[in-house]
Amino acid sequence: MSEKISPSKRQSIHGQWSSRLAFILAVSGSAVGLGNIWKFPYITGVNGGGAFVLVYLLCILAIGFPIMISEIMLGRRGRRNPITSMELLGREETGSGVWKFVGVIGLVAGFLILSFYSVIAGWTLNYFILASKGTFSGLLPQDVNQVFDNLNQSFSTQLIFHTIFMAVTILIIAKGIRQGLERVVKILMPALFLILMMLLFYVISEGNISEGFAFMFKPDFTKIDGSSVLAAMGHAFFTLSLGMGCVVAYGAYLPKQESIFKTTFAIIFCDTLIALVAGLVVFSIVFDNNLDPSQIAGAGLIFKTLPLAFGQMPSGVFFGSIFFILLGFAALTSAISLLEPSVAWMIERKNLSRQLSAIIMGSIIWALGLLTVLSGNELSNFTFWKGTLFDNFDHLATNILLPTSGFLFTVFAGWFMSKKSSSDELDINRKFQYKIWRFLARYVAPIAVLIIFLNAIGIY
Ligand code: TRP
């Protein structure tokens, strides 16, 4: 597959974002999701707090930052779905198309992630309904826990909401870039931010913010080991949507004149801020109710703490409802980005329509999601390696596949792509930023990923 058009003139057949802001919101919409509000507090709880948060922040800066720049750059240069872009660029830069397998690893990770992501997003929809009916008003901690356990044990309820969520995701993808995605993120992202700020003010006045703050920011290094460092790195990939090719796919729709450095800064700032605020809110509520984070830490954490606060605060029915619906929407803007790369691949390579491609890919992922639904009930005793099937999907995709493909993306961008090509994409007028990126992308990020990997499997 060789092309006569020069790389900088290539166009995507799916169209472009209408502005830089649209791109920032779309990638932020992808980045900010269940990872920030559901997952980050819970893995922070599991891994003991402050020291974990510190390692996570380091991973964002040293690994996440250069890899995000690399991925956007690869996407914009290739202007195709992640697999084809890597094949195309691999041919151009190294003479070999095997680089497409980096995109394939990402695609597999995306399938696994979206399959369980949609189930968790379904939980938030279910909680929206419960919250709006006033179910949580005045409940005690153990009652709130019971609500969650009941949901987790119910196959049919989870099935219904997982199906609704996947259907909406498919619908938006079917509508395309500007008509579907851009419209949705422009309203939902600012709204989510506002709600989170309201919750922050609530815990400042009512919660136990000082203990929440101490838990999140006072590092106790005895609490972390190789596997928690791996979890911190895995989460840095997960929360920034890296490694899977989402960002490559979105980069393919970025107009040529936009600066990749500036947009990346804005996206990472937004994602990190929201995760830290969400963590603070959750742990302030945990401590205010005398709960022990290590006791309730786990996938149910926010579903067991936030409803408690909503059940007690004035206008809690209102706040609770909008919070869970917005969390569902934040999940939606991320889910879309998980589906888009494989749909783009199908449209480009198999010549199918966008609608049909979205339905086919979405249905395969929906079916895979049934295994996560079953992990809470029928198959809850079927455990191996890291736990239930859901735990294993999450671990395999997040901690192994994402870092592997993210590593290869950045090694390609830093070592195999010519300096001329990368500086052409990254704006030649920004010499200083370019040098920093290249250093991080060539040395710091790949070496850090390798060390953390080897350490986790006990070699280093
Ligand atoms: N980043 C999203 C979150 O934090 C989830 C997500 C979207 C994702 N696209 C991804 C994770 C690609 C890994 C890879 O909720």
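Before reading on, note that the structure itself is shown above.
This structure is a prediction, so every number in the text was calculated from the model and none was measured. (Residues numbered from 1 in each chain as written. Predicted model: local features only at pLDDT ≥ 70, side-chain atom pairs only at ≥ 80, totals over all residues. Heavy atoms only, no water.)

Engineer: How do you make sense of the pattern of salt bridges when you look at a structure like this?
Structural biologist: Side chains that carry opposite charge are capable of pairing whenever their charged atoms lie near each other. Under the defined criterion, the tally for this structure stands at eleven salt bridges. Notably, a salt bridge pairs R77 with E425, separated by 3.2 Å at the nearest N-O pair. Linking R77 in helix α3 (residues 50-78) with E425 in helix α18 (residues 419-425), this pair joins segments that are 348 residues apart in sequence. When sorted by exposure, R77 lands in the same class as E425, which is buried. Through salt bridges with shared partners, a single network forms among R76, R77, K256, D424 and E425. (Salt bridge = Lys/Arg side-chain N within 4 Å of Asp/Glu carboxyl O. Helix = DSSP H or I, 4+ residues; strand = E, 2+ residues; numbered from the N terminus. Buried < 20%, exposed > 50% of the residue type's maximum accessible area, 1.4 Å probe, protein only.)

Engineer: Before we go on, may I ask you to explain the site of the ligand in this structure?
Structural biologist: Surrounding the ligand, one finds 17 residues, the nearest of these being A31, G35, Y117, F238 and S241. Within the side chain of Y117, one N or O atom sits 2.5 Å away from an oxygen atom of the ligand. S337 places a polar side-chain atom, nitrogen or oxygen, 3.3 Å from a nitrogen atom of the ligand. Within the complex, the protein chains bury 100% of what would otherwise be the 370 Å² of accessible surface of the ligand. Considered class by class, the residues forming the shell around the ligand number nine nonpolar, eight polar and no charged. (Near = heavy atom within 4 Å. Polar contact = N/O pair within 3.5 Å; in protein donor to acceptor, adjacent residues only side chain to side chain. Areas by Shrake-Rupley, 256 points an atom, 1.4 Å probe, with all protein chains shown as cover. Nonpolar A, V, L, I, M, F, W, Y, C, P; charged D, E, K, R; others polar.)

Engineer: How should I be thinking about the environment of I322 in this particular structure?
Structural biologist: Here I322 lies in helix α15 (residues 316-350). Sequence separation of I322 and W415 is 93 residues, and the distance between their C-alpha atoms is 47 Å.

Engineer: Explain the packing of helix α16 (residues 354-375) against helix α17 (residues 389-416) here, please?
Structural biologist: Angle between the axes and distance between the axes: these two values describe a pair of packed helices. Their axes nearest at 7 Å, the elements α16 and α17 cross at an angle of 125°. On the basis of their axis angle, the class for α16 and α17 is oblique. Each of L368, L371, T372 and S375 in α16 lies in contact with α17, whose residues at this interface are L389, F390 and F393. Along the lines of polarity and charge, the residues of the contact of α16 with α17 split into five nonpolar, two polar and no charged. (Axes fitted to C-alpha atoms, helices over the stretch in contact; angles between N-to-C directions. Parallel < 35°, antiparallel > 145°, perpendicular 65-115°, else oblique. Contact = heavy atoms within 4.5 Å.)

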